[in-house]
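Given next are the chains, with one letter for each unit.
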Amino acid sequence: MEIQRIGQLTGVYAISASCQFGTQLSGKPARHLYLTRVSLSDFRNYRNCSFTLDEGSAVLTGRNGSGKTNILEAISMLSPGRGLRGASFSDLACLKGAGGWTVSAHLSLNGDHVTVGTGQKPDVARAGQSSRVVRIDGEQASSSGILGDYLQVLWLIPAMDGLFTGAASERRRFLDRMVSTFDSAHRTRSNQFERAMRQRNKLLEMGERSERMFEAIEAQMAEIGTAVAAARIEALERLMHYSGTPVANGHNGFPHAVLALEGVLEQALQERPAVDVEDDYSHILASGRDRDRGAKRTLSGPHRCDLIVRHGPKDMPAALCSTGEQKALLIGLVLAHAKAVKDARGGLAPLLLLDEIAAHLDDLRREALFEEIETLGAQAWFTGTDREAFAPLRSRAQFFDIDDGTVTPMEGKDLPGPLPMRVG
Amino acid sequence: MSRKAAGPEIEELIALLGRMPGLGPRSARRAALHLIKKREQLMRPLAAAMAEAAEKIVACAECGNLDTISPCTICQDARRDASLICVVEEIGDLWALERAGVISGHYHVLGGTLSPLDGIGPDDLTIGKLVERARQPGVTEVLLAFNATIEGQSTAHYISAELENAGITISRLAHGVPVGGELDYLDEGTLAAAIKSRRPL
């Protein structure tokens with residue numbers, strides 16, 4: 001594995017993540033994880049909807065507002081967390097329903113069949129509670145974290161298009177979601193750090209003078225914060241380790257990204273053992289109290305970390321690339337993540353939810369994406385308004401027509417592609 | 001307008017029972033009906049027991065435990081080891097430890113944990129009294145038996161700093177594999193804590 005320093009960002013921890021785009025397709029790779037049936041009830045604009053599919057990828061097409069993304073969101077609820085829109089559980093219920101909602105799926109996992117389901121009961125939803133029920137094969141699970149043991153779901157949605165130019169907090173969330181797919185405790189640790197920091201911020205706000213109070217909370221922040229930063233570094237190492245060597249120019253495919261973490265702890269951890277970094281961070285917090293009092297919040301720590309992304313072949317910051325290049329870079333990053341997850345899980349490729357992805361890509365890149373997913377052996381879920389954009393997948397994927405809360409499988413003449421000719 | 005099924009006395013009883021932890025309106029109604037049906041065997045003795053408890057129960061001036069006497073039965077028990085003080089967040093924790101019968105020493109109930117977000121500082125807890133007790137001759141160990149939460153651990157850190165110069169041992173509960181636990185089912189955090197606090201056999 002290669003760890004490099006990039007540019008003037010002295011001490012910035014950098015690794016390069018890239019995707020190899022093999023074009024040799026030697027038969028259909030076996031998929032080990034795929035959904036065979038999806039059922040929704042009272043979820044968003046779906047009252048009652050159920051459809052079956054085989055191991056191939058799925059293409060959902062339909063008009064704007066027909067509910068394509070809602071299907072992807074429903075599938076994303078089968079992973080820990082709050083799904084691809086980050087919505088409150090109580091907002092997911094169909095407006096015409098009783099207030100609750102459920103999503104369940106049959107999945108084929110290394111040849112075994114598992115039923116996973118999640119949802120919120122109407123009374124719980126009406127009370128605005130933030131909990132949901134998770135069932136695996138009919139048995140209630142103690143937390144949604146267990147879903148990660150069965151299936152990993154990665155997604156790319158239009159809202160992520162501004163990732164490189166937007167706020168650091170968005171990139172940090174993106175990064176932390178990636179980290180969670182490798183380290184299931186990362187989410188809990190991040191929440192604990194957040195809680196401890198809010199306690200400290202409260203002290204700052206109150207103008208608390210007791211050094212001992214600060215020390216007590218800062219000790220927790222240092223311990224957990226260092227663990228959070230270390231998990232991020234490990235995840236980035238995995239991304240690079242599992243994503244192969246950079247493609248020289250990324251002609252048809254997607255350019256490789258050079259990733260770095262810019263953050264006080266992430267930076268220190270590459271030079272010193274974690275125990276020392278923990279001490280260092282305690283000192284940073286202690287000596288920064290006066291400054292932080294002025295700001296009424298904690299100014300340094302893992303909550304300020306940023307994911308620095310550079311366009312590998314062009315060696316320039318991602319934010320300065322063209323919109324199209326940024327999209328390609330993002331797709332490359334998600335594919336690299338999918339490969340890293342696949343290898344971390346013994347060859348089990350994650351489900352990929354790709355919302356409105358074809359629209360921004362030219363024919364060559366679109367074809368490269370389809371081939372890349374085929375090679376990965378992942379069941380991908382595409383949405384789009386233009387069925388023809390998915391013509392190359394005609395014989396490789398299952399097409400569904402989405403219309404106002406109904407899902408209809410398409411076949412024969414309805415399918416895109418050169419044969420048979422379609423009118424209109 | 002909703003019709004009432006019973007007179008104000010019964011409604012009042014149901015409303016009060018419904019404010020008990022773990023009882024909703026439905027179970028409060030069931031409990032009220034049960035009490036009324038068993039008026040002599042249950043309701044009157046319960047009312048008497050509650051009246052007496054309300055009258056007599058006080059917080060122990062020494063450790064903060066609840067009892068009808070102060071100092072409490074535990075503090076007065078001469079067979080207990082006076083060198084050990086076990087500090088807990090709440091009385092419920094004291095009861096849990098007593099049920100297990102694992103603490104040979106005395107207790108100290110803190111009344112909560114430090115949490116600036118909830119407006120709870122050192123002066124809102126019985127930390128001052130604890131420091132005073134810990135400095136009494138004969139005390140050699142203070143065991144901080146707190147929850148493994150951010151607030152519990154911050155409070156432990158704070159108290160251990162307060163007692164730094166008291167010349168006594170400050171210990172905390174072990175974190176790790178529960179009795180009867182299987183490694184396969186433990187989360188990574190618990191496993192890491194167990195490895196960190198491993199002991200030679």
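Thresholds applied
Residues numbered from 1 in each chain as written. Chains lettered and ligands numbered in written order. Predicted model: local features only at pLDDT ≥ 70, side-chain atom pairs only at ≥ 80, totals over all residues. Heavy atoms only, no water. Helix = DSSP H or I, 4+ residues; strand = E, 2+ residues; numbered from the N terminus. Buried < 20%, exposed > 50% of the residue type's maximum accessible area, 1.4 Å probe, protein only. Contact = heavy atoms within 4.5 Å. Core = buried A, V, L, I, M, F, W, Y, C linked by side-chain atoms within 4.5 Å. Pairing = 2+ DSSP bridges. Axes fitted to C-alpha atoms, helices over the stretch in contact; angles between N-to-C directions. Salt bridge = Lys/Arg side-chain N within 4 Å of Asp/Glu carboxyl O. Domains from an automatic or database assignment. Phe/Tyr/Trp six-rings, centres within 6.5 Å; stacked < 30°, edge-to-face > 60°.

## Points about the overall build of chain B
Across its full length, chain B holds 8 helices and 6 strands. In chain B, the succession of α and β elements from N to C terminus is α-α-α-β-β-α-β-α-β-α-β-α-β-α. Principal-axis analysis of the C-alpha atoms places the extent of chain B at approximately 65 × 45 × 35 Å. Relative to its 201 residues, chain B shows a buried fraction of 32%. Taking all contacts inside chain B whose residues are at least 6 apart in sequence as the whole, residues at least 24 apart take part in 45%.

## With respect to the nonpolar core
By size, the foremost hydrophobic cluster in this structure holds 140 residues, and its most contacted members are A:Leu352, A:Trp381 and A:Phe382. With residues up to four places along the chain from it excluded, the contact list for A:Leu352 reads A:Leu154, A:Val334, A:Leu335, A:Ala338, A:Ile373, A:Leu376, A:Ala378, A:Gln379, A:Ala380 and A:Trp381. Residues B:Cys60, B:Cys63, B:Val88 and B:Ala145 belong to the second largest nonpolar core, which totals 16 residues.

## Some details on the sheet that holds strand β4 (residues 105-109) of chain B
Residue and element names in this part refer to chain B. Spatially, 4 strands are ordered β4-β3-β5-β6 in an open sheet, and the strand pairing comes out parallel. Edge strands, defined here as strands with exactly one partner in the open sheet, are β4 and β6 (169-172). The average undirected angle you get between the axes of adjacent strands in this sheet is 25 degrees. Here 5 bridges tie strand β3 (residues 81-88) to β4, and the two strands are oriented parallel to one another. By the bridge assignment, Val 87 is partnered in β4 with His 108. Sheet strands touched by helix α6 (residues 127-134): β3, β4 and β5 (141-145). Its angle to β4, the strand with the most contacts, is close to 155 degrees.

## Some remarks on the environment of A:Lys296
Residues and elements named next belong to chain A. The residue Lys 296 is located in the loop between α9 (289-295) and β11 (306-311) in this model. The class of Lys 296 is partly exposed, set by a relative accessible area of 48%. Spatially, the C-alpha atoms of Lys 296 and Gly 207 are 8.5 Å apart, while their sequence positions differ by 89 residues.

## Considerations on unusual backbone geometry
A cis geometry characterises the amide bond from B:Ser70 onward to B:Pro71, with omega recorded as 0 degrees. For A:Asp137, which is not a glycine, the phi torsion comes out positive at approximately 50 degrees. Within the fold, A:Asp137 resides in the loop between β7 (133-136) and β8 (139-140). Since its relative accessible area comes to 48%, A:Asp137 is described here as partly exposed. At A:Lys296, a residue that is not glycine, the phi angle is positive and equals roughly 60 degrees.

## Here we look at the pattern of salt bridges
For the structure on display, the rule yields 37 salt bridges over all chains. A salt bridge links A:Asp290 to A:Arg293; the shortest N-O distance between them is 2.7 Å. Of this pair, A:Asp290 and A:Arg293 both sit in helix α9, 3 residues apart, which is roughly one turn of that helix. With relative accessibility at 11%, the residue A:Arg293 sits in the buried group. One salt bridge in this structure joins B:Lys129 and B:Glu132, with 3.4 Å as the shortest N-O distance. With B:Lys129 and B:Glu132 both in helix α6 and 3 residues apart, this pair spans about one turn of that helix. B:Lys129 gets classed as partly exposed once you look at its relative accessible area, which sits at 24%. What emerges from the salt-bridge pattern is a single network uniting A:Arg200, A:Glu211, A:Glu218, A:Arg289, A:Asp290, A:Arg291, A:Asp292 and A:Arg293.

## Considering the domain arrangement of chain B
Per the domain assignment, the segments making up chain B are domain 1 (1-41) and domain 2 (81-172). The gap between the C-alpha centroids of domain 1 of chain B and domain 2 of chain B is 39 Å.

## A short note on the sheet that holds strand β3 (residues 46-52) of chain A
All names here are of chain A. Pairing is antiparallel in the open sheet, where 6 strands are placed in the order β3-β2-β5-β6-β7-β8. Looking at the sheet topology across the chains shown, the edges are occupied by β3 and β8. The sheet contact formed by strand β5 (residues 101-109) and strand β6 (residues 112-120) spans 9 bridges and is antiparallel. Within β6, the residue paired with Thr 102 across the bridge is Gly 119. Against the sheet, helix α1 (residues 68-76) engages β2 (33-43), β3 and β5, with an angle of about 110 degrees to β2.

## Topic: the packing of aromatic side chains
All names here are of chain A. Scanning all chains against the criterion turns up 7 aromatic pairs over all chains. Each ring, one from Phe 51 and one from Phe 400, has its centre 5.2 Å from the other, and the planes form 55 degrees; the classification is tilted. Taken together, the residues span a long stretch of sequence, with Phe 51 in strand β3 and Phe 400 in strand β15 (residues 397-403) at a distance of 349 residues. A residue is classified by how much of its surface remains accessible, and Phe 400, at 2% relative accessible area, is buried. Here the aromatic rings of Phe 382 and Phe 390 are separated by 5.7 Å at their centres, their planes lie at 50 degrees, and the arrangement is tilted.

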